Amino acid sequence: MAAIAITREALTALRRRAIAWITRGETPDARRVVLTRRRIYILPTRAGYGFGLVLIVMLLGATNYSNSMAFALTFLLGSLGLNAMWQTHRNLLRLEVLIEGVAPVFAGQQARLRVAVVNPGRQARPGIRLRAGDQSPVTVDAPAQGRIETDLPLSAPLRGLHPVGRLRVDSQFPLGLFEAWSWPAYTTGLLVYPRPADDAPPVPSGRRVGGEGASVRGEGDEFAGLRKYQAGDAPGQVAWKALARSNQWMTKEFEGQRSEDRWLRWDDLGAFGIEQRLSILCRWVLDAHRDGIPYGLELPGLTLAPEASEAHRHACLKALALHAAPNRRVAP
């Protein structure tokens, strides 16, 4: 089994090198690639090779027996095969393949890459297959002068920011005798968060902002004083008694104690390795966000102040994903 796995990895690496050499003149794009003639490749399928072998046998038979009907049938089938080759190539020509977006995922999950196929031609393009990496292909039919969108599965084994890389777009339409394909490449990034730890320590307990008993104006229901009225203040906050006494418009202010903030610190996990720390911090971020309590994040060289919003959750997970992550280029 080990030998089979090694052989498979070697073949995969060899295949990637071959693709990189063949497409060395094609520049990756951030989002949009047009399948021009220089980007499309075509070869017979197994059925196509069998069809060609049959034609050769028929031609030899027609020549041996000098049978005009056999010649006519052989040339008719040959012209049919050549027309099928042209149709297969034309089915991909000038199609636009666009990356519409990909949502962040956690390491080990499968991302969904949103892809659109735009057909500027006046004829529909059926049987267009799209594939990302080693995932299963998705087949779509591109309408004439229209577009169709689909989601491609995309593996995300490691944290970090990964280029989407190369897609494979192919078609065997109409007879399956030939396969035309292209490898459009993209620099659009897929953000992969660290894998959340399954057995993480409890989230650190919080502390009150400004110390025990600190209060925050504008929050809570305890009266804190008066200030000058400002346009937009609610009628219920207007100090009507003060207005009656002094003929000045004033607004009542209230205060309350702010809920506990939690600090998720890199230095508190000194007993763990880098990836374990990131996984535990990832779990802490998810738990703290679920509890709705403001939390901050401290990493070497980066501090995110406590908040409890969806944007803050994403900022914390993004910081964990990119912490000391290597730069990755478009994979061949």
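That block above? That's the structure.
Residues numbered from 1 in each chain as written. Predicted model: local features only at pLDDT ≥ 70, side-chain atom pairs only at ≥ 80, totals over all residues. Heavy atoms only, no water.

Please explain the overall build of the chain as it appears in this structure.
Assigned secondary structure in the chain consists of six helices and 16 strands. Residue burial in the chain is summarised as follows: out of 332 residues, 38% are buried. (Helix = DSSP H or I, 4+ residues; strand = E, 2+ residues; numbered from the N terminus. Buried < 20%, exposed > 50% of the residue type's maximum accessible area, 1.4 Å probe, protein only.)

Is there a simple way to think about the side chain of Asn91 in this case?
Among the structural elements, Asn91 can be located in helix H3 (residues 68-92). A distance of 2.8 Å separates the side chain of Asn91 from the backbone oxygen of Pro126, its partner in a polar contact. Aside from chain neighbours lying at most four places away, what touches Asn91 is Ala124, Arg125, Pro126, Ile128, Ser171 and Phe173. (Polar contact = N/O pair within 3.5 Å; in protein donor to acceptor, adjacent residues only side chain to side chain. Contact = heavy atoms within 4.5 Å.)

Would you explain the sheet that holds strand S15 (residues 295-299) in this entry?
Strand pairing in a sheet relies on backbone hydrogen bonds, with the paired strands running either antiparallel or parallel. Pairing is mixed in the open sheet, where three strands are placed in the order S14-S15-S16. Lying at the two open borders of the sheet, with one neighbouring strand each, are strand S14 (262-265) and strand S16 (302-307). Direction aside, neighbouring strands of the sheet carry axes that sit 15 degrees apart on average. Pairing of S15 with S16, which is carried by four bridges, proceeds in the antiparallel orientation. If you follow Leu299 over to S16, its bridge partner there is Leu302. Here helix H5 (residues 274-291) sits on the sheet and contacts S14 and S15; the angle it forms with S14, its principal contact strand, is near 165 degrees. Sitting on the sheet, helix H6 (residues 310-322) is in contact with S15 and S16, with an inclination near 15 degrees to S15. (Pairing = 2+ DSSP bridges. Axes fitted to C-alpha atoms, helices over the stretch in contact; angles between N-to-C directions.)

Looking at this structure, I do not really get the packing of aromatic side chains. What am I missing?
Each pair of aromatic rings is reported with the distance of its centres and the angle of its planes. The tally for this structure, following the rule as stated, stands at five aromatic pairs. Aromatic side chains Tyr41 and Trp183 sit 5.6 Å apart centroid to centroid with 45 degrees between the ring planes, which places their arrangement in the tilted category. Here the residue Tyr41 occupies a position in strand S2 (residues 41-44), and Trp183 occupies one in the loop between strand S10 (178-182) and strand S11 (185-193), the gap between them amounting to 142 residues. For the residue pair Tyr41 and Trp183, the accessibility class agrees, reading buried in each case. Ring centres 6.0 Å apart and planes at 25 degrees place the aromatic pair Phe71 and Phe75 in the stacked group. (Phe/Tyr/Trp six-rings, centres within 6.5 Å; stacked < 30°, edge-to-face > 60°.)

Any chance you could explain the side chain of Ser171 here in plain terms?
Tracing the sequence through the fold places Ser171 in strand S9 (residues 160-171). When its relative accessible area of 0% is taken as the criterion, Ser171 is described as buried. In this structure the side chain of Ser171 is engaged in a polar contact, spanning 3.4 Å, whose partner is the backbone oxygen of Gly127. With near-sequence residues (within four places) excluded, Ser171 lies in contact with Thr88, Asn91, Leu92, Pro126, Gly127, Ile128, Phe178, Glu179 and Ala180.

Looking at this model, I keep getting lost on the pairing of strand S6 (residues 125-132). Mind explaining?
Every regular strand shows the same layout, with side chains that alternate between the two sheet faces. Taken together, the four bridges between S6 and strand S7 (residues 138-142) define a ladder with antiparallel strand orientation. Across the sheet, the residue bridging to Ile128 is Val140, located in S7. Connecting S6 to the next strand, S7, in antiparallel fashion are five residues, including Gly133 with a positive phi near 65 degrees. Bridge count for S6 against S9 is four bridges, and the pairing is antiparallel. Note on S9: the bridge partner recorded for Arg129 is Asp170.

For this particular structure, what's the right way to read H3?
For an α-helix the count is 3.6 residues per turn, leaving residues at separations of three or four pointing the same way. Here H3 contains 25 residues, and its C-alpha end-to-end distance of 37 Å stays within 8% of the 36 Å for a straight helix at 1.5 Å per residue. The backbone nitrogen of Met69 lies 2.9 Å from a side-chain oxygen of the residue at the head of H3, namely Asn67. A positive backbone phi angle near 65 degrees is found at Arg94, which sits one or two residues after H3. (Expected span 1.5 Å × (residues − 1).)

Please explain the sheet that holds strand S8 (residues 146-155) as it appears in this structure.
Read across the open sheet, the four strands follow the order S1-S3-S5-S8; overall the sheet is antiparallel. Only two strands of the sheet have a single partner each, and these edge strands are strand S1 (32-34) and S8. Direction aside, the axes of adjacent strands within the sheet are offset by 25 degrees on average. By the bridge criterion, 10 bridges tie strand S5 (residues 110-119) to S8 in an arrangement that is antiparallel. The residue bridging Gln110 from the neighbouring strand is Ser155, located in S8.

In short, geometric facts, not functional conclusions.
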